[in-house]
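This is what each chain is made of:
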Amino acid sequence: MASEVVQITRRGFGQTMRRDAWWVQPLVVFIILASFVAYATWAAFQNKYFSYGNYLSPFYSPVIFGDSPHSWFGPKPAWWPGFVPFSPALIILPFPGLFRFTCYYYRGAYYKSFWADPLACSVGEPRKSYLGEAKFPLILQNVHRYFLYVALIFLVILSFDVWQALWFPAPNGGREFGIGVGTLVLALNVVLLGCYTLGCHSMRHIVGGYIDQLSRRPVQKKAYDCSSCLNRWHMKWAFISLFSVMFSDIYVRLLAMGVWHDIRFI
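Quick summary incoming for the structure in this document.

Cut-offs and rules
- Residues numbered from 1 in each chain as written.
- Predicted model: local features only at pLDDT ≥ 70, side-chain atom pairs only at ≥ 80, totals over all residues.
- Heavy atoms only, no water.
- 1 Å grid on protein atoms, 1.4 Å probe; cavity = no way out; pocket = protein on both sides within 12 Å on 5 of 7 lines; lining within 4 Å.
- Points joined across faces, edges and corners; volume = space filled by probe spheres on them.
- Helix = DSSP H or I, 4+ residues; strand = E, 2+ residues; numbered from the N terminus.
- Expected span 1.5 Å × (residues − 1).
- Buried < 20%, exposed > 50% of the residue type's maximum accessible area, 1.4 Å probe, protein only.
- Contact = heavy atoms within 4.5 Å.
- Phe/Tyr/Trp six-rings, centres within 6.5 Å; stacked < 30°, edge-to-face > 60°.
- Salt bridge = Lys/Arg side-chain N within 4 Å of Asp/Glu carboxyl O.
- Axes fitted to C-alpha atoms, helices over the stretch in contact; angles between N-to-C directions.
- Parallel < 35°, antiparallel > 145°, perpendicular 65-115°, else oblique.
- Left-handed = near helix turned anticlockwise from the far one by under 90°.
- Nonpolar A, V, L, I, M, F, W, Y, C, P; charged D, E, K, R; others polar.

Per the stated rule, a full pass over the model turns up one cavity of 30 Å³ or more. Taken as a whole, the largest cavity encloses approximately 30 Å³ of empty space. Every residue along the wall of the largest cavity is listed here: Leu56, Pro58, Leu158, Asp161, Val162, Leu186, Asn189 and Val190. Only helix H5 (144-164) and helix H6 (181-198) provide two or more residues apiece to the lining of the largest cavity.

Here it is, written out as structure tokens:
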């Protein structure tokens, strides 16, 4: 029986037979993620304009140390190194940041956009070998499941910030119930962050994905189904919540700077 040897040649970096604009999606993702990282880094080092009355930017919540009335444990501690710039955001931002950085969706997004690994389907890669996430340093991505627990704690803290945003200074010196645009902005941010976090792949595993016969556990099956429902939009929640947390900081910042003025509905 005759046989034919077919030799497969590897595509060079960026080479492809695709005729569509395959480069648009990774380019857009690169611009969005790079812009967010740049803004978040800038905002974290500002150490000002992060609160306005009862509103607190999610970039700075919780204020562990600081000169803000929202601070939990008072001003900057004496042990803080003098050569390190101080900002309350620098203490807490790494935790939700690492939750996103190790997210299953974000991995695929920035692997393509920043590392070109791969740029897109059927497009040549810059590397000739594949190591996956089984070796250092990418094996550290497995900490994602543990940062999920931290992200859930932050949801509780940010929800408390929304509660605080419902109480405004009263004329008699106390506090009175009210709803302003800032209240709605912070509340919407928590909802969107909740949709992103509770639909996380690790969350689905925690609430029931590890069970072989889930139908025998009706409560966990319901939780799994709810998490799976959110997971279908995981990519969209990932980007929408990214915009919402950044806009929340911008809104509070511009209020504190006197550029914008909050509107009270109640």
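Alright, that's what it looks like, and here's the rest.
So, on to helix H1 (residues 24-46). Spanning 23 residues, H1 covers 33 Å between terminal C-alpha atoms, matching the ideal 33 Å at 1.5 Å per step. Of all the positions in H1, only Pro26, Val29, Leu33, Phe36, Tyr39, Ala40, Ala43 and Ala44 are classed as buried. Residues of H1 that are buried in the fold lie against helix H2 (88-92), helix H4 (104-115) and helix H9 (234-256). Immediately beyond the C-terminal end of H1, within one or two residues, lies Asn47, with a positive phi of roughly 55°.

Before going further, it helps to spend a moment on unusual backbone geometry. Each neighbour pair has its own omega, and for Ser61 with Pro62 the value is 0°, a cis peptide bond. Note that Pro62 resides in the loop between strand S2 (55-56) and H2. Here the residue pair Phe136 and Pro137 is connected by a cis peptide bond, since its omega of 10° sits within 30 degrees of zero. For Pro137, the position within the fold is in the loop between H4 and H5. Residues other than glycine seldom take positive phi values, yet Ala116 does so here, at roughly 55°. Examined against the element boundaries, Ala116 turns out to sit in the loop between H4 and H5.

So, about the packing of aromatic side chains. Applying the stated criterion across every chain, the model contains 26 aromatic pairs. Note on Phe30 and Phe114: the rings are 4.7 Å apart at their centroids and 45° apart in plane angle, and the pair reads as tilted. Highlighted residues: Phe30 in helix H1 and Phe114 in helix H4, separated in sequence by 84 residues. For the pair Trp233 and Trp237, a centre-to-centre distance of 5.2 Å together with 50° between the ring planes defines the contact as tilted.

In total, this model carries four salt bridges according to the counting rule given. Two residues, Asp225 and Lys221, come together in a salt bridge whose shortest N-O distance is 3.0 Å. On the criterion of helical spacing, the pair formed by Asp225 and Lys221 is a turn pair, its members being four residues apart in helix H8 (residues 218-231). The exposure class of Lys221 is partly exposed, given its relative accessible area of 32%. For Asp249, the salt bridge is made with Arg253, and the minimal N-O distance between the two is 3.3 Å. Residue Asp249 and its partner Arg253 are located together in helix H9, separated by four residues, close to a single helical turn. Relative accessible area serves as the criterion here: at 0%, Asp249 is assigned to the buried category. Owing to a relative accessible area of 4%, Arg253 belongs among the buried residues under this scheme.

It is the contact of H6 with H9, at a shortest axis distance of 8 Å, that shows an interaxial angle of 155°. Considering the angle they form, H6 stands roughly antiparallel to H9. H6 and H9 meet at a crossing whose hand is left-handed. Contacts between H6 and H9 involve Val181, Gly182, Val185, Leu186, Asn189, Leu192, Leu193, Cys195 and Tyr196 from the first element and His234, Trp237, Ala238, Ile240, Ser241, Ser244, Val245, Phe247, Ser248 and Tyr251 from the second. A per-class count over the contact of H6 with H9 returns 13 nonpolar, six polar and no charged.

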